[in-house]
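What follows is the residue order along each chain.
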Amino acid sequence: MHQSTCLLTVTLLYLLHHGRAQFGQLGPGILENLDKILGDLIQQSEEEPRSKVNIENEYDFIIVGAGTAGSTLANRLTEVPEWKVLLIEAGGEENFVMDIPIVANFLQFTTANWKYKTVPSNTSCLGHQNKQCNFPRGKVMGGCSVLNYMIYTRGHPKDYDNWAALGNKGWSYQDVLPYFMKSEDMSIPELARDTKYHSTGGYLTISYAPYHTPLADAFLQAGLETGQKLVDYNAQSMTGFSYLQNTMKNGTRWSSSRAFLHPIRKRKNLHVKKMSMVIKIIIDPQTKVAEGVQFVHNRRYYTVRARKEVIVSAGAINSPQLLMLSGIGPREHLESVGIPVIQDLPVGYNLMDHIASGGVVFTIDKNMSLITDKILSDTSNLANYFAYHTGPLSIPGGCETLAFYDLKDPNNPNGYPDMELLFEAGSLASEQTLKENFGIDNELYDAVYRPILGAESWMILPMLMRPKSKGRVMLKDRNPFHKPLIYPNYYAHEEDVETMVGGIKKSIELGKTKAFQRMGSKLHDIPLPGCKMHKFSSDDYWRCVVRQLTLTIYHICGTCKMGPNGDPTAVVDPRLRVHGINRLRVIDVSIIPQIPVGHTNGPTYMIAEKGADLIKEDWGVKVK
C-alpha cells in the first residue's frame, strides 16, 4: 500500500492502542470515540460476506465479478430463495482504509487495481510515460466502486431514449428511471422531497460530502456569476452547477459491496469465492450452451457448473477478454491467437470513455486548498474523520463540485451536455502521486508542476461527455493471465478536440470571476514542454495540451455492446443475452451502446437492477 495510505492506517492504529494522555491535543471528541473507531474498523471487516472454502459443483447462477453490477445482481437474484448463486471475484476484501474518501487516488497503487495501461499512441497520452495512459480497474469486492471518486450521476434522458431508438426495447428513460430509483436511498433532504426523481429506502445511499472547502463554494458562485444555475443534475435538467452527489454514507465510501452484499451476508443461497480468477466460460460448441466456468484459486484449477445461467459482470476490460478467451469474438482476431471460434461477434469494439485534460490549474494566495502534507500534518483532521467522519478526509479524492454545459446550445436550460467541468480543491501540484496515478511523464511534471509543488491551488478537469472517437480491446494472446491490449483511440475525431478546447475556455472564464479573484486565482502559465511551439492559452496551445495530458476518468464502457438481432455491431440483445449463445448474459458497463452523460457508476447499478428483473422474468419469477 502507498506510503500516505499506510500513514492513515498507522495513525488509526496508534490512536486505538496508545494511552489516552498522549492524545489530549487531538481535540475534543476523539478520546471518547476510540471505541467507536475500533467498532467501525471491525464492523467493516465482519460484515463483508466470507469467501467460501469449499464451493459446490453446481449452482443455478454463476456471476463472474463482484463489482458494481455483480454485487447488485448477487443481491437481487438471491431474493429468490430457491436459487443458489455463486459470486466469483478475482480480488480480495474491501477494507476500512479504502472507504476513507480522500484516499481514493492512493488505492490505485494497491492490489485492488488491475493496473491496466493503454497501447502507446501517437495521437493522445503524449505527455505520459511511454505515451501510455493508465486504466485503473477494480480488483476487489465492490470493484470500481471501491476505486472511484464516488460521484453519482444517472445521465441525461436523451441518453436512454437514444439507446431505445437503436432498437433496444425497454431501455428508454422512462423504462430505466424506476431502476435508478429502486437502488437509491437519497439522504439529501431537499432532493429527497422530489419524489418524481428520487427515492429513499434503497440499498445505495447518496449524500453530499459532510465537508466542503471555501473553494467549492466559490466554484458554485462563479457559475452563478457567469449566468448558470444551481441544479439537481439527477432530476429534470442536467445543465448547471452542483455539489457532488456521492455514493457515501455517514462520510464514508458506500461501495456496491457495502451497499448490496453486506446486508445479505447471512443468506444461505449466496456463496462467494474471492481471490479466484475466471479464465474460461465452458460452452458446448455444438449446442452453443454455456455450461459453467473454469477458474483459478491459489494456483489450482476448478470447474463449476451452472444449472441456469452464467452471468459475466467483469467490467469493460475483463468481460470482453473473458468472452474472447472462451471463443466468443471477432473470428479473424480469435483465429490469429489460436482460439477456436464458437460465435463470431464484435466483442471488444465500441470502447468509449470520458476523458479529461489536466492542464487547467490555478494558484491562489489564500490558505484553503487540499494539500496532502498539510491535511495529514494537522492531527485534528485525522481526529475529526476517525471520530465523526467529517473534515477534509471526507472529500472524495478532493473532488467537490461539477458543472454540465451544452456548448452547442448554451442557452437551452434543458440542454444535452457535451462537457462536464469537474472541480478539484487542489491540483496536480497538491499531491505528487497524482503524477503516477495518471502516468504523467517525469520531464513534463518536473517542468510544469514541480515549481508550484505544495502551493495553494485548484484545478478544473474539463471532461468530454459525448465522444465521437471509439476504441477497442483485443487479446495479446490466448494466455488468460496476460493483460489485454487496449486501444482507446482518443481524439480520432477532431471534433472531440474542439469540444475539449471549449471546456478549457469555460474553465478559464470561471477562474476570472469575482468569486475566484477574491482568492487571488491566477492561471498557472508554465507551458507544457511539448506545446511550447504555440502561444500559451491560444486555441492551438490547448489543442496540443489535450493530446499531451489525456486523463481517463475511469468511465470505460461499451465493449460488449447491446443491440437487437440483426445489429452487426452488437454482442448482447436488449435482454442482455449473448447473441447466438444460450444461458449466457453480460450484465455490466460493457453493454452500453452509447456512453451516457456524466459518470458511469450510477448507470451500472441501473443496468444490474434491470438485468436482475430480466432474468427473473425469463425464468418465470414475478418481479416486484
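Please refer to the structure higher up on the page.
Reference entry: report on the structure contained in this document. What you see is a predicted model; the values in this text were computed from it and never measured. (Residues numbered from 1 in each chain as written. Predicted model: local features only at pLDDT ≥ 70, side-chain atom pairs only at ≥ 80, totals over all residues. Heavy atoms only, no water.)

## Section: the nonpolar core
Line of reasoning, step 1. Residues F219, L323 and L584 are the most contacted members of the largest nonpolar core, which totals 198 residues.
Line of reasoning, step 2. Not counting residues up to four positions away in its chain, the partners in contact with L584 are I281, I283, A290, V310, V312, L323, I328, L576, R577 and V578. (Core = buried A, V, L, I, M, F, W, Y, C linked by side-chain atoms within 4.5 Å. Buried < 20%, exposed > 50% of the residue type's maximum accessible area, 1.4 Å probe, protein only. Contact = heavy atoms within 4.5 Å.)

## Quick notes on a positive patch on the surface
Line of reasoning, step 1. Together, K52, R265, K266 and K268 give the surface a local cluster of positive charge.
Line of reasoning, step 2. Structurally, K266 is set in the loop between helix 9 (256-261) and strand 10 (270-273). (Patch = residues over 30% accessible without salt bridge, like charges linked within 9 Å, V, L, I, M, F, W, Y side chains within 5 Å. Areas by Shrake-Rupley, 256 points an atom, 1.4 Å probe, with all protein chains shown as cover. Salt bridge = Lys/Arg side-chain N within 4 Å of Asp/Glu carboxyl O. Lys, Arg positive; Asp, Glu negative; His and termini not counted. Charge placed at Lys NZ, Arg CZ, Asp CG, Glu CD. Helix = DSSP H or I, 4+ residues; strand = E, 2+ residues; numbered from the N terminus.)

## What about the environment of S380?
Line of reasoning, step 1. Within the element layout of this structure, S380 appears in helix 13 (residues 379-388).
Line of reasoning, step 2. S380 gets classed as partly exposed once you look at its relative accessible area, which sits at 27%.
Line of reasoning, step 3. Each C-alpha atom of the pair S380 and T433 lies 23 Å from the other, and the pair is 53 residues apart in sequence.

## Some thoughts on the state of the cysteines
As used here, a disulfide is simply a covalent bond connecting the sulfur atoms of two cysteines.
Line of reasoning, step 1. Under the defined criterion, the tally for this structure stands at 2 disulfides.
Line of reasoning, step 2. Covalently, C125 is tied to C133 through a disulfide, its sulfur atoms 2.1 Å apart. Its S-S torsion of about -105 degrees marks the bond between C125 and C133 as left-handed, since a negative value means left-handed.
Line of reasoning, step 3. For C125, a relative accessible area of 1% puts it in the buried group.
Line of reasoning, step 4. Each disulfide in the chain links cysteines that, numbered along the sequence, combine into the pattern 1-2, 3-4.
Line of reasoning, step 5. With no disulfide of its own, C399 lies closest to C144 among cysteine sulfurs, the gap being 16 Å. (Disulfide = S-S within 2.5 Å.)

## Remarks on the side chain of H524
Line of reasoning, step 1. In this structure, H524 sits in the loop between strand 23 (522-523) and helix 18 (539-548).
Line of reasoning, step 2. Not counting chain neighbours up to four residues away, the residues in contact with H524 comprise V361, F362, V448, Y449, I452 and F536.

## Examining the pairing of strand 12 (residues 289-297)
Line of reasoning, step 1. When you tally the buried positions in strand 12, you get 7 out of 9 residues, the bulk of the element.
Line of reasoning, step 2. Note that strand 11 (residues 276-284) and strand 12 share 8 bridges and pair antiparallel. Considered in strand 12, the bridge of I283 is made with A290.
Line of reasoning, step 3. Two successive antiparallel strands, strand 12 and strand 13 (residues 300-312), enclose a turn made up of 2 residues, where N298 displays a positive phi of approximately 50 degrees. (Pairing = 2+ DSSP bridges.)

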